[in-house]
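Residues per chain, in single letters:
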Amino acid sequence: MLSNVRIEARIPTQDLARARRWYAEKLGLEAVEEREGGLRYEGASGVFCLYASAGVSDASFTQVAFYVDDLESTVAVLRERGVEFEEYEGMRGSVMEIRGNYPSKGSGERAAWFRDSEGNLIGLGEVVP
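Residues numbered from 1 in each chain as written. Predicted model: local features only at pLDDT ≥ 70, side-chain atom pairs only at ≥ 80, totals over all residues. Heavy atoms only, no water.

**Some remarks on a nonpolar patch on the surface**
A surface patch of nonpolar side chains, amounting to about 530 Å² of accessible area, comprises M1, L2, V5 and I7. Position of M1 among the secondary structure elements: in the segment before strand 1 (9-13). For M1, a relative accessible area of 90% translates into the label exposed. (Patch = residues over 30% accessible without salt bridge, like charges linked within 9 Å, V, L, I, M, F, W, Y side chains within 5 Å. Areas by Shrake-Rupley, 256 points an atom, 1.4 Å probe, with all protein chains shown as cover. Salt bridge = Lys/Arg side-chain N within 4 Å of Asp/Glu carboxyl O. Helix = DSSP H or I, 4+ residues; strand = E, 2+ residues; numbered from the N terminus. Buried < 20%, exposed > 50% of the residue type's maximum accessible area, 1.4 Å probe, protein only.)

Right, dumping it as structure tokens:
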């Protein structure tokens, strides 16, 4: 029933204007659509929306991930823009090597995580062939 439908992520914000500025300044993203209480962003093959919410995620998990071709250069550019990356045991230069993760996409994945202006955990991923 749901295998042929478009899938979108929803990310809560306590201050939508602050989040909009952060996503524009730090990630270089501009909303493609604006509705009262929400912003819609489109990438090459995916969509996510920020929405005003009184509730918050506990931020213990990745809420949306961006797949990139060159993780180190993406991390470097985002650091220059003021993005602060999470550091976990086993990481080198804010990058974690994850063997066997999503085997349909290769032999593993390399990943990095950061928090947006609202405290949501955002991931970057690079497929390891």
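That shown, we press on.
**What to know about the nonpolar core**
If you look at the biggest cluster of nonpolar residues, it comprises 22 residues, and the most contacted ones within it are Y23, L50, F85, F114 and L124. For this core, the elements supplying multiple residues, two or more each, are helix 1 (16-27), strand 3 (38-42), strand 4 (47-52), helix 2 (71-80), strand 7 (108-115) and strand 8 (121-128). Residue contributions to this core peak at five residues, all from helix 1. Not counting residues up to four positions away in its chain, the partners in contact with L50 are I11, T13, L16, A19, Y23, G37, G38, L39 and Y41. Counting residues in each nonpolar core, the second largest holds five residues, with M91, A111, W113 and L121 among its members. (Core = buried A, V, L, I, M, F, W, Y, C linked by side-chain atoms within 4.5 Å. Contact = heavy atoms within 4.5 Å.)

**Quick look at the layout of surface pockets**
The computed volume of the largest pocket comes to approximately 870 Å³. Around the largest pocket, the lining is made up of 34 residues, and of these V64, A65, F66, Y67 and G123 lie nearest the centre. Those elements that place two or more of their residues in the lining of the largest pocket are strand 3, strand 4, strand 5 (62-67), helix 2, strand 7 and strand 8. Among the elements that take part in the lining of the largest pocket, strand 5 stands out by supplying five residues, more than any other. Its residues assigned to classes, the lining of the largest pocket shows 21 nonpolar, eight polar and five charged. (1 Å grid on protein atoms, 1.4 Å probe; cavity = no way out; pocket = protein on both sides within 12 Å on 5 of 7 lines; lining within 4 Å. Points joined across faces, edges and corners; volume = space filled by probe spheres on them. Nonpolar A, V, L, I, M, F, W, Y, C, P; charged D, E, K, R; others polar.)

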